[in-house]
Amino acid sequence: MRVAGRLLLGMVGVLLFAIVVVVWASRTAVRRQLEQQLQADLEGQARLIQAALPDDPGAWPRLVGRWAAMRSHRVTVLDPEGRPLADNQIPPGVLVNQPALGGLPEVQAAVAGRVGVQVRSDAGEPARLWVAVPGSPIVRVASDLATLETAAGRSHRVILWGALLGLGAGTLLAVLAGRAIANPLQQIAAAARAIPSGLPPRFPRSRITEIDQLSQALRQMHQELGDRFEALRRGRVESSALVDAMVEGVLATDKKGRIVTANPAARRMLGYTENQLMPDLPELFRAKAAREVVDASMRGETVEDRALDLDERSFLVNSRPLASGGAVLVLHDVTEVRRLETVRRDFVANVSHELKTPLTSIAGFAETLLSEDPDPGTRRLFLRTILSNSQRMQQLVDDQLNLSRIESGGWQPRLETLEVAKAVREAWQPRADRAAASRIQFLVDVSEAAQVIRADPEAMRQILGNLYDNAIRFTPPGGSITTRSSADDGGVTVAVSDTGSGIGSEHLPRIFERYYRVDQGRSRDVGGTGLGLAIVKHLVEAHGGRVSAESELGRGTTIKLWVPS
């Protein structure tokens, strides 16, 4: 029930209770007052009659009848012992045979010298008020109470109508008061409902102090809540931005394993788009090791730096339970770290091996020269071998230093406009005799749209020179090496193709790594430091370009480099 209804019912109930009490009390008080007035009136009449009685008792019946007729009362005169001497309702002849009335309460009181009062209803007669005054003789006067009842009824009706009028007025005032209180409360309730929905609340202004205080308190609370919500919103936005910016994948789940938060890194690692629905955590992974981590996380256990391999990628997983249930998992993709670690390990092994081979040769021939005294021809052969291996070591160190300088940014290309055909022939010229000795044909095909290129001249000679050295090294006698240029994608593509032995597809992704060799034994037999293609890759990328390789076993290899115009 609404406040107005409760207030109305309460006030009407109070009014009804008050009216019932007032009507009952007033009725009782009015009746008592009327009885007291009637008693005083009858006592006065009795004393008046007592004083007016003549000395002759024979005249009393006539006088008593006259006085009783004037007031419609019953009048009885008794001797001091309570025997009736005159009565306006009993003839004198009958009265002498009446018994004494000393047993009646009012007569007993009068005989005892007090005013006797009694309300009594005799057989066949209405209720009357009897008053007897002491004296000689005793006078008793009785009055019918019907008149008193009539007067009391009139007073009661007047009081009742007044009470009903008061009830109506009180009800009207209760309705008005209920509305005056309920309307502001309803407005306050509407304002309170508007707060969580984000709508601007409207707090009422009434003339009721308590309601105005409540409105002011709610207004202040709304302001404080707004400030706190804004602070929480900013904190949540900042936290969300931090989580989204993390390179680690973050997954948060509820206590049932449903994923409630997944940052872009986690979606990218696990192969889900931004808007794609992710399954629950227990269904997200199929690998046994990953499921063990998930089970431990859902049990509320802490997981630290657990290594997982998922779809050819390596991860470190950490998990922490949440206070509200569920867990948060952090995935750190260490695939590239593992790859770089492998490259580093291979690099150390390859450098050691590349240096060990010439050092072994140098040491062996030097020991032979020291311990023996070979003939001049043999001595010259040994010294030439020592010099060749020394030059090979020097070339290996120089290439490594150049590569490190390029990678560290210590070298920047000085761009010039170069003619592709001229640059190609200048890079080929130092190698032409070696190619001719193997009957390798050199071809150049420069497109009309790609006759010039923006590049560093020295870097371009080194790039093409390394490509030609590799092509000559792996092209059998009678083969060919072709250089083509074409306009492509806002730049120029230069492709060097040979008809050599080719490279297997499993090796193509790694041929630009340092010291990576497709065929360890054969590559070392034909020479080279193993850094040529790595230098090519870094020099091209320093120009803002890119390099790629295409090859098929037995059909040759094509290295393509693209640089922007």
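Scroll up for the structure.
Predicted model, so just to flag it, every value in this text is computed and none were measured.

Peer 1: Describe in detail empty space enclosed by the protein, supporting the description with residues and values.
Peer 2: If you walk through the whole model with that rule in mind, you get two cavities of 30 Å³ or more. Residue lining of the largest cavity: Val420, Ala423, Val424, Ile453, Met460, Leu464 and Val494, and that is the complete set. Going through the elements one at a time, helix H11 (420-428) and helix H13 (457-474) are the ones with two or more residues in the lining of the largest cavity. Of the residues forming the lining of the largest cavity, the biggest block, three residues, is contributed by H11. What the second largest cavity holds in volume is close to 30 Å³.

Peer 1: Would you mind going over a nonpolar patch on the surface in detail, with residue names and values included?
Peer 2: There is a patch of nonpolar side chains on the surface, built from Leu160, Trp161 and Leu164 and spanning about 330 Å² of accessible area. Looking at the secondary structure, you find Leu164 in helix H5 (residues 146-197).

Peer 1: Describe the sheet that holds strand E3 (residues 116-120), listing the residues and the values that go with them.
Peer 2: The five strands are arranged E2-E1-E5-E4-E3 in an open sheet whose pairing can be described as antiparallel. What marks the edges here is a single partner per strand, and that holds for strand E2 (84-87) and E3. On average, each strand axis in the sheet is tilted by 20° relative to the strand beside it, whichever way the strands run. As defined by bridge partners, strand E1 (residues 74-78) adjoins E2 across three bridges and the pair is classed as antiparallel. Directly across from Val77, in E2, lies its bridge partner Ala86.

Peer 1: Describe the nonpolar core, with residues and values.
Peer 2: By size, the foremost hydrophobic cluster in this structure holds 44 residues, and its most contacted members are Trp428, Ile453, Leu464, Leu467, Tyr468 and Ile481. The set of elements that each furnish at least two residues to this core consists of helix H10 (376-407), H11, helix H12 (432-437), strand E13 (452-455), H13, strand E15 (491-498), helix H15 (532-542) and strand E17 (556-564). No other element matches H13, which puts eight residues into this core. Excluding residues within four positions of it along the chain, Tyr468 makes contact with Val424, Ala427, Trp428, Arg431, Phe442, Ile481, Thr483 and Val496. Core analysis: the next-biggest nonpolar cluster, separate from the first, contains 21 residues, Leu281, Leu284, Val303 and Ala327 among them.

Peer 1: Talk me through the packing of H11 against H13; I want residue IDs and the actual numbers.
Peer 2: One way to put it is that H11 packs onto H13 with a least axis distance of 9 Å and a crossing angle of 55°. The angle between H11 and H13 places the two elements in the oblique class. Between H11 and H13 the crossing geometry is right-handed. Where H11 approaches H13, its residues Ala423, Val424, Glu426, Ala427 and Trp428 are matched on the opposing element by Met460, Arg461, Leu464, Gly465, Tyr468 and Ile472. Residue classes in the contact of H11 with H13 are distributed as eight nonpolar, one polar and two charged.

Peer 1: Which residues make up the side chain of Asp79, and what values go with them?
Peer 2: Locating Asp79 in the fold gives a position in the loop between E1 and E2. Judged by relative accessible area, Asp79 falls into the buried class, the value being 8%. Once residues within four sequence positions are removed from consideration, Asp79 is found in contact with Leu85 and Ile138.

Peer 1: An account of the packing of aromatic side chains is needed here, citing residue identities and associated values.
Peer 2: On inspection of all chains with the given rule, the structure shows four aromatic pairs. Relative to Tyr468, the ring of Phe442 has its centre 5.5 Å away and its plane inclined at 85°; by these criteria the two rings are edge-to-face. Of the two residues, Phe442 is situated in strand E12 (residues 441-446) and Tyr468 in helix H13; the sequence distance between them amounts to 26 residues. Taking relative accessible area as the criterion, Tyr468 reaches 0% and is therefore assigned buried. Three or more aromatic residues joined by ring pairs make a cluster, and in this case those are Trp428, Phe442 and Tyr468. One Lys or Arg, Arg546, reaches over the ring of Trp562 and ends 4.2 Å from the middle of that ring.

Peer 1: So what about the environment of Asn389? Which residues, and what values?
Peer 2: In this structure, Asn389 sits in helix H10. Sequence-wise, Asn389 and Thr360 are 29 residues apart; in three dimensions their C-alpha atoms are separated by 9.4 Å. Setting aside chain neighbours within four positions, we find Asn389 in contact with Pro358, Ser361 and Ile362.

Peer 1: Now, about the pattern of salt bridges: what can you tell me, with residues and values included?
Peer 2: Under the counting rule described, the total for this entry stands at 19 salt bridges. Measuring nitrogen to oxygen at the nearest pair gives 3.1 Å for the salt bridge that ties Glu106 to Arg140. With Glu106 in helix H4 (residues 105-111) and Arg140 in strand E5 (residues 138-144), this pair connects stretches of sequence that are 34 residues apart. Accessibility expressed as a relative area gives 0% for Glu106, which makes it buried. Residue Asp254 pairs with Arg258 through a salt bridge whose shortest N-O separation is 3.1 Å. Take Asp254: its relative accessible area is 18%, and that puts it in the buried class. Judged by its relative accessible area of 40%, Arg258 is partly exposed.

Peer 1: Tell me about the pairing of E15, residues and numbers included.
Peer 2: E15 sits mainly inside the fold: eight of its eight residues count as buried. Covered by surrounding structure in E15 are Gly491, Thr493, Ala495 and Ser497 together with Val492, Val494, Val496 and Asp498, the residues of both alternating faces. Direction of pairing for strand E14 (residues 480-488) relative to E15: antiparallel, over a ladder of eight bridges. When the bridges of E15 are listed, Ile481 appears paired with Asp498. The hairpin turn running from E14 into E15, its antiparallel successor, is two residues long, and Asp489 in that turn takes a positive phi close to 55°. Across seven bridges, E15 lies against E17 in antiparallel orientation.

Rules used in this analysis
Residues numbered from 1 in each chain as written. Predicted model: local features only at pLDDT ≥ 70, side-chain atom pairs only at ≥ 80, totals over all residues. Heavy atoms only, no water. 1 Å grid on protein atoms, 1.4 Å probe; cavity = no way out; pocket = protein on both sides within 12 Å on 5 of 7 lines; lining within 4 Å. Points joined across faces, edges and corners; volume = space filled by probe spheres on them. Helix = DSSP H or I, 4+ residues; strand = E, 2+ residues; numbered from the N terminus. Patch = residues over 30% accessible without salt bridge, like charges linked within 9 Å, V, L, I, M, F, W, Y side chains within 5 Å. Areas by Shrake-Rupley, 256 points an atom, 1.4 Å probe, with all protein chains shown as cover. Salt bridge = Lys/Arg side-chain N within 4 Å of Asp/Glu carboxyl O. Pairing = 2+ DSSP bridges. Axes fitted to C-alpha atoms, helices over the stretch in contact; angles between N-to-C directions. Core = buried A, V, L, I, M, F, W, Y, C linked by side-chain atoms within 4.5 Å. Buried < 20%, exposed > 50% of the residue type's maximum accessible area, 1.4 Å probe, protein only. Contact = heavy atoms within 4.5 Å. Parallel < 35°, antiparallel > 145°, perpendicular 65-115°, else oblique. Left-handed = near helix turned anticlockwise from the far one by under 90°. Nonpolar A, V, L, I, M, F, W, Y, C, P; charged D, E, K, R; others polar. Phe/Tyr/Trp six-rings, centres within 6.5 Å; stacked < 30°, edge-to-face > 60°. Lys NZ or Arg CZ within 6 Å of the ring centre and 35° of its normal.

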